[in-house]
Amino acid sequence: MSRNLIIGTLLTLLFMVLAVVSFVWTPADIETLNIQARLQTPSAANLLGTDHFGRDILSMIMMGARTSIAVALVAVGIGMALGIPLGLLAAARHGSLLDDLIMRGNDLVFAFPSLVIAILITAVFGASAVNAIIAIGIFNIPVFARLTRGAALPLWERDFILAARVCGKSAARISIEHVLPNITNLMIVQGTIQFSLGILAEAALSYIGLGAQPPTASWGRMLADAQTLVSIAPHTALMPGFAILLTVLGLNLMGDGLRDWLDPRIRVVRT
């Protein structure tokens, strides 16, 4: 394993452990306000300090990790569950009308950034974490569809695929039994990258008020609340900012390490 993979995995596991632990324990109740203890700097009583409502920032970050990871994980799951089958179908029917319809549909989704999609969904259904998941998930679908199609097309010209077709296997069976296993590594790497982008997207949506709503904790919401307090209490913005930075950095390092570890060509070169 490369150093990037080890460091990235440790950073990612750190915040995942914080998110899991928050289900059963946090240093303080984030729904309890303590105005007398507002804007306190990090101390033994509050390891990361308190915000403008006197809430413990460490507890907020733990709860925010749960929100960000859940939103990004479900959104990436939606993208993979719908995008990979569409990409396999487009590759199996390369050059057909179905292939053109799938790819032009992907282009249509790419024409609208995820933030615009989120605004449209919010205007109809209201701001919430669920709508953020839908918006980010919709944007992930064409990403995985394009990647799957691009990776699958060269495989359809390989000898083992031709042998499977000669044996009478259907296109769907070939895609599942032969094509998909050969591009799984690529999908895993892309999944980690989209996971990090999902966390950034969730933080951005929460920052402008379109993501998780109070009292649900969110790193983006914490940054929005702290933007006017930077000069008098910089820790209120630095702590959630570092949480986002380290999580995304860990996922990107893990994705880069997985790409090197799972690619047999790179392993041969290193050997």
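It should be emphasised that the depicted structure is a prediction, and the values quoted were computed from it without experimental measurement.

Analysis parameters
Note on numbering: residues in each chain are counted from 1, in written sequence order. Totals for whole chains, interfaces and linings use every residue, but because this is a predicted model, local features are given only for residues with pLDDT of at least 70 and side-chain atom pairs only at 80 or more, for both listing and counting. Excluding hydrogens and water, the side-chain figures rest on all heavy atoms present in the structure. Labels follow the DSSP assignment, with helices taken as runs of H or I lasting at least four residues and strands as runs of E lasting at least two, numbered in each case from the N terminus. Only protein chains enter the accessibility calculation, which uses a 1.4 Å probe; a residue whose area is less than 20% of its type maximum is buried, one above 50% is exposed, and one in between is partly exposed. All accessible areas in this document rest on Shrake-Rupley with a 1.4 Å probe, and a residue is counted as covered only by the protein chains that are shown. Counted charges follow a simple rule, with Lys and Arg positive, Asp and Glu negative, and His plus the chain ends left uncounted. In plain terms, the charge of a residue is placed at NZ if it is Lys, CZ if Arg, CG if Asp and CD if Glu. Here, a salt bridge means any side-chain nitrogen of Lys or Arg that lies within 4 Å of a carboxyl oxygen of Asp or Glu. The definition of a polar contact used here is a pair of N or O atoms within 3.5 Å, where within protein one atom must be able to donate a hydrogen and the other to accept one, and adjacent residues in sequence count solely through side-chain atom pairs. Contacts were defined at the residue level, with two residues in contact if any of their heavy atoms lie within 4.5 Å. The angle between two axes is taken between their N-to-C directions and runs from 0 to 180 degrees, where each axis is a line fitted to C-alpha atoms and a helix contributes only its stretch in contact. Should the near helix be turned anticlockwise from the far one by less than a right angle, the crossing is left-handed, and should it be turned clockwise, the crossing is right-handed. Amino acids outside the nonpolar list (Ala, Val, Leu, Ile, Met, Phe, Trp, Tyr, Cys, Pro) and the charged list (Asp, Glu, Lys, Arg) are all regarded as polar, and Gly is one of them. The length a helix should cover is 1.5 Å for every residue beyond the first. By construction, the arc corresponds to the directions joining the helix axis to the C-beta atoms. Joining through side-chain atoms within 4.5 Å is the link that ties buried Ala, Val, Leu, Ile, Met, Phe, Trp, Tyr and Cys residues into a set, and such a set is a nonpolar core. Note that the term roughly parallel is reserved for angles under 35 degrees, roughly antiparallel for angles over 145, roughly perpendicular for angles of 65 to 115, and oblique for everything else.

(A) Structural view of the overall build of the protein chain. Secondary structure assignment for the protein chain yields ten helices and zero strands. The secondary structure elements of the protein chain, listed N-terminal to C-terminal, are α-α-α-α-α-α-α-α-α-α. Taking the principal axes of the C-alpha coordinates as reference, the protein chain spans close to 75 × 50 × 30 Å. Among the 271 residues that make up the protein chain, the fraction classed as buried is 44%. Total accessible area computed for the protein chain in this model is approximately 13700 Å², and 69% of it derives from carbon and sulfur atoms. Both charge centroids of the protein chain, one from 17 positive and one from 15 negative side chains, sit 7 Å from each other.

(B) Layout of the environment of Leu253. Among the structural elements, Leu253 can be located in helix H9 (residues 235-262). It is 9.8 Å that separates the C-alpha atoms of Leu253 and Ser2, two residues lying 251 residues apart in sequence.

(C) Structural context of the pattern of salt bridges. Scanning the model with the defined rule gives seven salt bridges in all. Here Asp107 makes a salt bridge to Arg104, at a shortest N to O gap of 2.9 Å. With a gap of three residues between them, Asp107 and Arg104 both fall in helix H3 (residues 97-110), about one helical turn apart. We classify Arg104 as partly exposed; its relative accessible area is 46%.

(D) The arrangement of the side chain of Asp56 in detail. Position of Asp56 relative to the elements: it lies in the loop between helix H1 (3-21) and helix H2 (57-92). Within the buried core, Asp56 has no salt-bridge partner, and the shortest N-O distance to an opposite charge, that of Arg55, equals 10 Å. Only 2.9 Å separates the side chain of Asp56 from the side chain of Ser59, close enough to count as a polar contact. Discounting chain neighbours no more than four positions away, the residues touching Asp56 are Pro27, Ala28, Asn46, Leu47 and Gly49.

(E) Looking closely at the packing of helix H4 (residues 114-125) against helix H5 (residues 129-152). One way to put it is that H4 packs onto H5 with a least axis distance of 9 Å and a crossing angle of 140°. As H4 packs across H5, the resulting crossing turns out to be right-handed. Contacts between H4 and H5 pair Ser114, Ile117, Ala118, Ile121 and Phe125 from the former with Asn131, Ile134, Ala135, Ile138 and Phe139 from the latter. Taken together, the residues that form the contact of H4 with H5 break down as eight nonpolar, two polar and no charged.

(F) Just unusual backbone geometry, in detail. Note the cis peptide between Pro214 and Pro215, where omega equals 10°. Topologically, Pro215 is positioned in the loop between helix H7 (171-207) and helix H8 (219-226). Positioned with a positive phi, Leu39 is a non-glycine residue whose angle comes to about 60°.

(G) View of H4. Its twelve residues give H4 an end-to-end C-alpha distance of 16 Å, which sits within 8% of 16 Å, the value for a rise of 1.5 Å per residue. By the burial criterion, the buried members of H4 are Ile117, Ala118, Ile121 and Thr122. Buried residues in H4, looked at end-on, bunch into an arc of 135°, giving them a common side. The outward face of H4, more than 90 degrees from its buried face, is lined by the exposed residues Leu120, Ala123 and Val124.

(H) Looking closely at the nonpolar core. Among the nonpolar cores identified, the biggest contains 39 residues, and Val179, Phe195, Ile199 and Trp219 are the most heavily contacted of them. Going through the elements one at a time, H1, H2, H5, helix H6 (159-166), H7, H8 and H9 are the ones with two or more residues in this core. If we ignore the near neighbours within four places in the chain, the residues touching Ile199 are Ser68, Ala72, Trp219, Thr247, Val248 and Leu251. By size, the runner-up hydrophobic cluster in this structure holds eleven residues, among which are Ile117, Ile136, Leu205 and Leu210.

(I) The packing of H3 against H5, seen in detail. Contact pair H3 / H5: the axes reach a minimum separation of 9 Å and the direction vectors enclose 135°. One way to sum up the angle between H3 and H5 is to call them oblique. The chirality of how H3 crosses H5 is left-handed. Residues Asp99, Met103, Asn106, Asp107, Val109 and Phe110 of H3 form the contact with H5, whose participating residues are Ile138, Phe139, Pro142, Val143, Ala145, Arg146 and Arg149. Classifying every residue of the contact of H3 with H5 by side-chain character gives eight nonpolar, one polar and four charged.

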